[in-house]
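Chain by chain, the residues:
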Amino acid sequence: MPLFLFTGEEYTLLLQELTKRKSSFLEKYGEYGLFDFSSDALQIDQLQNALMSWGMFATKKLVIIRGIPLDSTPHNKAKSSDIDRCFLLLESFIASNDAETIVVCISYKPDKRTKPYKRFVSHAQLKEFPLLDEKQKVVYVQQQLGTLLTSSQQAELVTSCGDDLWHLSHECNKLHHYAMYHQMTSLTDEQLNQVVWWKVSSNNFSLLDHLYTDWKKSISLITKAQQAGEDTFQFLGMLYRWVKITINIINLTEQGITDAKTLASKLKAHPFVVSKQLKLLPQIKEKKEHVFQFYSDILQLDYEIKTWVLPAEWFWLAIKQAIQKIYTWN
């Protein structure tokens, strides 16, 4: 049965797959058989014609229906009345056993508890696009750029884009075209910095090298991030991930696990980040309790700013104070 459900919160991958299918269909069959219905305008009569009628110019059809089944994602919500009528049409379509019409429904976060969903999904081919973790994003960069970047450059690019895969995809596309235009097979760090729009400043990667060894340098790098107008929560998220990895490395090495690849695999972190931490392991272990306290401090800071206990303007000062405590707290 040519009925598909695209679902998952990695919107960029889902939409890339959808675009690929639309382009392939247009190339083979032309535009007369392509129908794309948005969630806020399902136009049930036109949808019925698309599912049940045979056009004069095309027999093969691709029908895309957004917001079906019921989607809890705000920008892909359809009216309840439209959803009910759409399910009736889809049941008729399933019964017709029409092999010439391909239907792709898109629901990023469907309510899987409902009977209509369970009945629908029993007939559909499910294609899921779950959120990628950091290691999977590095693999994504490798797939897009091949050997254009080194492993450390790939890791920096992923970290710089944070949780935004669309931004990462856009930067990969820029880098690919830049290298093609200049006939390059690899890029230097300088060229990378010239082309990429960094959500997280490249200076912030230096913070990982100095956080537990040089508080003055750490404060200086944070001041640069502040002066550059970096997003506070993006910066805090980056810091949170790094310190969490540090704590897990401490715990695992104390259990006798010291191989970088094994650690990276267990932590689902890139070897580049793990190797940076391992180089500093003696200094980090000296400040073990301080690192734990720092982790607690940034979690508390995140909570207090998000709940308005502290004004957002205090963020950078509070981060600097928390770092200074790594060196002075007893």
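You'll find the structure just up there.
(A) Structural detail: the packing of helix H6 (residues 151–161) against helix H7 (residues 165–181). Axis separation between H6 and H7 bottoms out at 9 Å; the angle between their running directions is 135°. Relative to H7, H6 is oriented oblique. Crossing hand, H6 versus H7: right-handed. In this structure, H6 contributes Leu157, Val158 and Cys161 to the contact, and H7 contributes His167, Leu168, Glu171, Cys172 and Leu175. Here the contact of H6 with H7 is built from residues that sort into six nonpolar, one polar and one charged.

(B) Focus on the nonpolar core. Membership of the largest hydrophobic core comes to 43 residues, with the highest contact counts inside it found for Phe235, Val243, Phe294 and Ile319. Elements with a minimum of two residues in this core: helix H9 (203–210), helix H10 (215–227), helix H11 (232–254), helix H12 (260–267), helix H13 (271–279), helix H14 (281–286), helix H15 (288–306) and helix H16 (315–328). The biggest single contributor to this core is H11, with 11 residues. Excluding residues that lie within four positions of it along the chain, Ile319 makes contacts with Ile222, Phe235, Leu236, Leu239, Ile298 and Leu301. Core analysis: the second largest hydrophobic core is formed by 31 residues, Leu18, Leu62, Ala179 and Val195 among them.

(C) Representation of the sheet that holds strand S2 (residues 34–37) in the model. Ordered in space as S2-S3-S4-S1-S5, the five strands form an open sheet in which the pairing is parallel. Whereas interior strands pair on both sides, the edge strands pair on one side only; in this sheet they are S2 and strand S5 (125–128). Direction aside, the axes of adjacent strands within the sheet are offset by 15° on average. As paired elements, S2 and strand S3 (residues 61–66) share four bridges and run parallel to each other. Looking at the pairing, Leu34 lines up with Leu62 of S3. Sitting on the sheet, helix H1 (residues 11–29) touches strand S1 (3–7), S2, S3, strand S4 (101–106) and S5, and the angle it makes with S3 is about 155°. Seen against the sheet, helix H2 (residues 44–52) touches S2, S3 and S4 and runs at an angle of roughly 145° to S3.

(D) Quick peek at the packing of aromatic side chains. This model, assessed by the stated rule, comprises eight aromatic pairs. Look at Tyr240 and Tyr295: their rings are 5.6 Å apart centre to centre, the planes differ by 20°, and that puts the pair in the stacked class. Of this pair, Tyr240 sits in helix H11 while Tyr295 sits in helix H15, placing them 55 residues apart in sequence. Judged by relative accessible area, Tyr240 falls into the partly exposed class, the value being 27%. Residue class for Tyr295 comes out buried when judged on its relative accessible area of 18%. We note Arg21 situated over the ring of Phe4; from NZ or CZ to the ring centre the distance is 4.9 Å.

(E) Layout of unusual backbone geometry. A cis amide bond, omega -5°, links Ile68 with the succeeding residue Pro69. Tracing the backbone through its elements, the reader meets Pro69 in the loop between S3 and helix H3 (80–96). Phi is positive for Gln43, which is not a glycine, with a value near 50°. Gln43 sits in the partly exposed class, given a relative accessible area of 43%. Here the phi dihedral of Asn97 falls at roughly 55°; this positive angle occurs in a residue that is not glycine. As for its placement among the helices and strands, Asn97 is situated in the loop between H3 and S4. For Asn97, a relative accessible area of 59% corresponds to the exposed category.

(F) Layout of the packing of H11 against H16. Here H11 crosses H16 at 20°, and the two axes come no closer than 11 Å. One element, H11, and the other, H16, form an angle in the roughly parallel class. Of the two possible hands of crossing, H11 and H16 adopt the one that is left-handed. Residue-level inspection shows Thr232, Phe235, Leu236 and Leu239 of H11 in contact with H16, the latter providing Phe315, Trp316 and Ile319.

(G) Up close: the pattern of salt bridges. If you walk through the whole model with that rule in mind, you get 12 salt bridges. The salt bridge partner of Lys22 is Asp36, with a shortest N-O separation of 3.0 Å. Here the residue Lys22 occupies a position in helix H1, and Asp36 occupies one in strand S2, the gap between them amounting to 14 residues. Between Glu91 and Arg119 there is a salt bridge, with its nearest N and O atoms 2.9 Å apart. With a gap of 28 residues between them, Glu91 in helix H3 and Arg119 in helix H4 (residues 115–121) connect regions that are remote in the sequence. Assessed through its relative accessible area of 35%, Glu91 is described here as partly exposed. Arg119 gets classed as partly exposed once you look at its relative accessible area, which sits at 43%. Several salt bridges share partner residues, and in doing so they unite Glu17, Lys20 and Arg21 into one network.

Calculation notes
- Residues numbered from 1 in each chain as written.
- Predicted model: local features only at pLDDT ≥ 70, side-chain atom pairs only at ≥ 80, totals over all residues.
- Heavy atoms only, no water.
- Axes fitted to C-alpha atoms, helices over the stretch in contact; angles between N-to-C directions.
- Helix = DSSP H or I, 4+ residues; strand = E, 2+ residues; numbered from the N terminus.
- Parallel < 35°, antiparallel > 145°, perpendicular 65-115°, else oblique.
- Left-handed = near helix turned anticlockwise from the far one by under 90°.
- Contact = heavy atoms within 4.5 Å.
- Nonpolar A, V, L, I, M, F, W, Y, C, P; charged D, E, K, R; others polar.
- Core = buried A, V, L, I, M, F, W, Y, C linked by side-chain atoms within 4.5 Å.
- Buried < 20%, exposed > 50% of the residue type's maximum accessible area, 1.4 Å probe, protein only.
- Pairing = 2+ DSSP bridges.
- Phe/Tyr/Trp six-rings, centres within 6.5 Å; stacked < 30°, edge-to-face > 60°.
- Lys NZ or Arg CZ within 6 Å of the ring centre and 35° of its normal.
- Salt bridge = Lys/Arg side-chain N within 4 Å of Asp/Glu carboxyl O.

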